[in-house]
Amino acid sequence: MKAVAITPHVPNSARLVEVPEPEMTNDQVLVRMVRAGICGTDAEINSGAFGDAPPGFDYLILGHENFGQVERVGSRTSRFKKGDYVVTTVRRPCGCMNCGAGESDMCLRDQFTERGIRREHGYLTEYYSDSEDYMIEIPPHLREVGILLEPYSIVSKAMWQGWKIQERMVWKPRTALVTGAGTIGLLAAFALRARGLEVIICARSKEGTLNSMLARDAGITYVSLQDTPLDQIPKLLGDRVDVIFEASGHGPTALKTLELITTNGIVLLNSVTSAAHQVTVNPDAINMRMVLGNMLAVGVVNANRKYFEMGVRDFEDFQTRFPGVLERMLTRRVALQDFSSRLFERSGVKTTIEIHPD
Ligand code: BGC
């Protein structure tokens, strides 16, 4: 069968390859991929920055954003039947306490694996098998947008954990800033808007991109950093920013958010940044603001199945609140056989590789 693979740490090595069909045990489910999504992490893996092959392989099948349909179920499985739509989680546990508790997204050691990223083949292929424990059922009416569930699972985790942490006091957030208007930034802005917050999303591009229009159509204000510098944005929110969701992919911007958050507020840091920017900061001023304002910044990566399940419920809500907006995020569809590494260059919002489309 066909798959897209890279040679780890070799820049620009992504290519279409022929690989053996996956084996499947009695307690596994075989899934026929409908489509896979491409994101910044895949581009970074293709640039050679990270990504590791499974033991015994010199290549890694790429792909962690997935949406597929059950093809066959093992005799010792019970959750699924042929034809069900599923999204499968990315990280697999090690033996640490958190992994043992079903929280591999909070793994204590560096020994977890991630499908399509780290020592486990991914989903950019025709079929894969896995344990049903990692699979989340997608109701048929969400099948068009199911491919957005994996990226959303990280937003869902950040929102749940952020609100949980803020139980440290009486907290009534009114305003939010999202830095970065890519897939994660937009999804985060929808989640914050759905919670009733006034939301500004900012990015470099001038207003008029599809990203800015999708934000506007969901009742979110888009600000171009070419028109308004980042440190002027709090003014537009009445000098109060209760939540910052950082998804710019840019380290200096992530650091800057610590200077923008308001007393008792929370910064949810979500960018994986492998560049090495150098900036000059006043650490005392940043530290003093954060201490005197009880401010909090928390890093958030990956998601366990609980957050995928919450994501399914949030998507149902978004479909009512912001009809058509999730569908419009899927801007470029490319057939698997037409795969080319040019697809890692940004274009529109979300690129999907169509493997067995309905
Ligand atoms: C994936 C996460 C993963 C992270 C770091 C993200 O793109 O969505 O599942 O944990 O990359 O590898």
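For the structure itself, look to the data block above.
Below is a short write-up of the structure.

As for helix α3 (residues 149-165)
If you check α3, its first and last C-alpha atoms are 23 Å apart, about what 17 residues at 1.5 Å a residue would give, namely 24 Å. Most of α3 sits inside the fold, with 14 of its 17 residues counted as buried.

Focus: the sheet that holds strand β2 (residues 15-18)
Ordered by their spatial adjacency, three strands build an open sheet running β2-β1-β4, and the pairing between neighbours is antiparallel. Edge positions in the sheet fall to β2 and β4 (60-61), since each has one partner strand and no second.

Comments concerning unusual backbone geometry
You will see that histidine 9, though not glycine, has its phi angle at about 65°, which is positive. Residue placement: histidine 9 occurs in the loop between β1 (2-6) and β2. Phi is positive for asparagine 302, which is not a glycine, with a value near 60°. As for its placement among the helices and strands, asparagine 302 is situated in the loop between β17 (296-299) and α9 (305-321).

Considerations on the packing of α3 against α9
The geometry of α3 relative to α9 is characterised by a closest axis approach of 8 Å and an angle of 100° between their N-to-C directions. The angle between the axes of α3 and α9 places the two elements in the roughly perpendicular class. Judged by residue contacts, Leu149, Glu150, Tyr152, Ser153, Ser156, Lys157, Trp160 and Gln161 of α3 engage Lys306, Tyr307, Phe308, Met310, Gly311, Val312, Asp314, Phe315 and Phe318 from α9. Here the contact of α3 with α9 is built from residues that sort into nine nonpolar, four polar and four charged.

A word on the layout of surface pockets
Roughly 360 Å³ of volume is contained in the second largest pocket. Taken together, 20 residues make up the lining of the second largest pocket; nearest its centre are Pro22, Phe57, Ile61, Arg115 and His121. With four residues, strand β10 (residues 127-131) is the single largest residue contributor to the lining of the second largest pocket. Here the lining of the second largest pocket is composed, by residue class, of nine nonpolar, five polar and six charged.

Considering the packing of aromatic side chains
This structure, assessed with the given rule, holds twelve aromatic pairs. Here the aromatic rings of tyrosine 152 and phenylalanine 315 are separated by 5.1 Å at their centres, their planes lie at 50°, and the arrangement is tilted. Highlighted residues: tyrosine 152 in helix α3 and phenylalanine 315 in helix α9, separated in sequence by 163 residues. For the pair tyrosine 152 and phenylalanine 315, one class covers both residues: buried. Each ring, one from phenylalanine 315 and one from phenylalanine 318, has its centre 6.1 Å from the other, and the planes form 40°; the classification is tilted. In this pair, phenylalanine 315 and phenylalanine 318 both sit in helix α9, three residues apart, roughly one turn of the helix. You can call phenylalanine 318 buried: its relative accessible area is 2%. In this structure an aromatic cluster arises from ring pairing among Tyr152, Phe190, Phe315, Phe318 and Phe322. Over the ring of phenylalanine 112 we find arginine 91; its NZ or CZ atom is 3.6 Å from the centre of that ring. Above the ring of tryptophan 163, the side-chain terminus of arginine 195 is found at 4.4 Å from the ring centroid.

Conventions we followed
Residues numbered from 1 in each chain as written. Predicted model: local features only at pLDDT ≥ 70, side-chain atom pairs only at ≥ 80, totals over all residues. Heavy atoms only, no water. Helix = DSSP H or I, 4+ residues; strand = E, 2+ residues; numbered from the N terminus. Expected span 1.5 Å × (residues − 1). Buried < 20%, exposed > 50% of the residue type's maximum accessible area, 1.4 Å probe, protein only. Pairing = 2+ DSSP bridges. Axes fitted to C-alpha atoms, helices over the stretch in contact; angles between N-to-C directions. Parallel < 35°, antiparallel > 145°, perpendicular 65-115°, else oblique. Contact = heavy atoms within 4.5 Å. Nonpolar A, V, L, I, M, F, W, Y, C, P; charged D, E, K, R; others polar. 1 Å grid on protein atoms, 1.4 Å probe; cavity = no way out; pocket = protein on both sides within 12 Å on 5 of 7 lines; lining within 4 Å. Points joined across faces, edges and corners; volume = space filled by probe spheres on them. Phe/Tyr/Trp six-rings, centres within 6.5 Å; stacked < 30°, edge-to-face > 60°. Lys NZ or Arg CZ within 6 Å of the ring centre and 35° of its normal.

Coordinates in, geometry out; function isn't part of it.
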